[in-house]
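Fold and geometry: a report
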Amino acid sequence: MTTRTRPQHHPWFGSYALSRPPRLGAAGVRDVLLREMDDIGFHQDLVSARPLLVPPQSAAELYGAAARLLALLRKALLASGPTPRHRMAALGTDESLHPLFTDDRTEERYCACMARPDAVIGEHGPQFLEFNVGGAVGGAVHTHMLTRAWRQVHADGDRLPFDAPSLFGARRRVFATACEELKQAPGVALLGTLRDLPGVRTTRYFDAEVHHLRRHGFAAEFFEPEELDRGHGPDGRFRYPLGLRHFTVTEWRRHGIDLAPVRRALDAGCTFLAPQTAFLVSNKKVLGWVSEGLPWMTAADRALVRRYLPWTRVVGDRRVTWRGRRTGLGELLLSRRRRFVLKKAVGMCGDGVLLGPSTDPAVWRRAVEAALRDEDSIAQEYVEAGRCAAEVTDGTESGTRPATIAPLLGPYVMAGRPAGCLVRYFADGSSGIVSMYGHGALINVLLAAR
């Protein structure tokens, strides 16, 4: 069960606390987290001492808005042109970055089957800053394992004091539906590489999901890219009807990895999820299109956008309307630096992001001028992240302390359904660019209190 404590933070987070501390104590909690997260890219001395609990209605709002906005972004991308080539032209993207398209039905059917947006809690609730779409979205394995850890920590009562979605379970149901539609026995090839996981020694990051799938009746196997050709059967067909794309083309080219085996597996009948079009849905220009409004959008669509998306525009030498005033976009960004964020249309882990409030004015000016020339960035109104109560520990009672944090929320959506929520934050309560890697953030999961 849960109890209520005096709220000292944004009301969206509620004021829930566990009615009793876990019997394991601080050292036991940390041991469980470290055991579950062992060798999957989790290198933290300080860890969360409890999950982030929010009211059920808050969690439902977060997941529901994420799913509805994702559906709107998918529709906007597909409406931008009848074929992948037309859509890439509308986005002004380099076709060489997207070499792994398959048939149109598969691309359109599954392009938004798995995603993790990034959101903060603004003055009036969730504000979605971007949408990361596809099987390569970071943090999914961490979210599953952290959720599993909290289940173990709090499994000593009659029932858990929170709802804890299984990310692997949600993704398994996507795979099961796809296999049924393909009229194939359930089977998944997980395709990734340890080269994307600094400091990881074994394949446990991938094996955890392989074992989950096998326990639920799937044939499943992990492949490094150089091993993929052994997935073909004697008849030339690929032995698994589905694949999970744990990679991006850009990252693998940076590693010098040959994509030809992936192309051969696609041509031999393996459907990799999410397909290539997912990376077009996640292009931040699509977010700008939807924020600015498209002719076919309904009144309900526009209300959804007003409620949950910060003002976002594709950067170019043009005029825009901001807060009822018509002005040049470049002029607006230069005169109101502290009100905006500048982001590259395609980027991960905080790369290519400038926060106006914390950027030197001369650096900001140069970046704005470059963005106006390149027309490959978005400008987004800055949202200050709401704070909430948390607790961190180094595994000792004396090293366990409360914290006030500004969390970045990553609610995973699989086929429109909740699949767990990653939380990234700085233990000192600061806000800014928060990433899984390289920015010193801690991670946790958001759970709905019961």
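Residues numbered from 1 in each chain as written. Predicted model: local features only at pLDDT ≥ 70, side-chain atom pairs only at ≥ 80, totals over all residues. Heavy atoms only, no water.

The protein chain goes by Glutathionylspermidine synthase pre-ATP-grasp-like domain-containing protein in an unreviewed UniProt entry, where it is assigned to Streptomyces nondiastaticus.

This part covers the pairing of strand β15 (residues 340-344). Judged by how many residues are buried, β15 sits mostly within the fold: four of five residues are covered. Pairing geometry for β15 and strand β17 (residues 377-381), over five bridges, is antiparallel. In the sheet register, Val341 faces β17, and the bridge partner there is Gln380. (Buried < 20%, exposed > 50% of the residue type's maximum accessible area, 1.4 Å probe, protein only. Helix = DSSP H or I, 4+ residues; strand = E, 2+ residues; numbered from the N terminus. Pairing = 2+ DSSP bridges.)

Attention now moves to the sheet that holds strand β3 (residues 47-48). The strand order across the open sheet formed by three strands is β3-β18-β19, and the pairing between neighbours is antiparallel. Two strands in the sheet have a free side with no partner beyond their single neighbour: β3 and β19 (401-405). When β3 meets strand β18 (residues 388-393), the two strands line up antiparallel, connected through two bridges. Looking at β18, one finds that Val47 is bridged to Thr393.

Before going further, it helps to spend a moment on the sheet that holds strand β10 (residues 242-245). Whenever strands of a sheet pair, they do so through backbone hydrogen bonds, lying parallel or antiparallel. Taken in spatial order, the four strands of this open sheet run β9-β8-β10-β11, and their pairing is parallel. Looking at the sheet topology across the chains shown, the edges are occupied by β9 (219-223) and β11 (271-273). Pairs of neighbouring strands in the sheet enclose a mean axial angle of 25°, with direction left out of account. Those strands touched by helix α6 (residues 167-182) are β8 (187-191), β10 and β11, and its axis lies near 145° from that of β10. (Axes fitted to C-alpha atoms, helices over the stretch in contact; angles between N-to-C directions. Contact = heavy atoms within 4.5 Å.)

So, on to empty space enclosed by the protein. Tallied over the full model, the rule gives three cavities of 30 Å³ or more. Approximately 60 Å³ is the volume found for the largest cavity. Every residue along the wall of the largest cavity is listed here: Ser48, Arg50, Pro51, Leu52, Ala389, Ala390, Glu391, Ile405, Val423, Tyr425 and Asn444. If you list the elements that add at least two residues to the lining of the largest cavity, you get β18 and β21 (417-425). Per element, the largest residue contribution to the lining of the largest cavity is three residues, and it comes from β18. Looking at the lining of the largest cavity, its residues break down into seven nonpolar, two polar and two charged. (1 Å grid on protein atoms, 1.4 Å probe; cavity = no way out; pocket = protein on both sides within 12 Å on 5 of 7 lines; lining within 4 Å. Points joined across faces, edges and corners; volume = space filled by probe spheres on them. Nonpolar A, V, L, I, M, F, W, Y, C, P; charged D, E, K, R; others polar.)

Two quantities define a packed helix pair, namely the angle between the helix axes and the distance between the axes. Taken N-terminus to C-terminus, the directions of helix α1 (residues 25-36) and helix α5 (residues 140-153) make an angle of 145°; their axes are 9 Å apart at the nearest point. The interaxial crossing formed by α1 with α5 has right-handed handedness. For the pair α1 and α5, contact is made by Val29, Val32, Leu33, Arg35 and Glu36 and by Met145, Leu146, Arg148, Ala149, Trp150, Gln152 and Val153, respectively. For the contact of α1 with α5, a count of residues per class yields eight nonpolar, one polar and three charged. (Left-handed = near helix turned anticlockwise from the far one by under 90°.)

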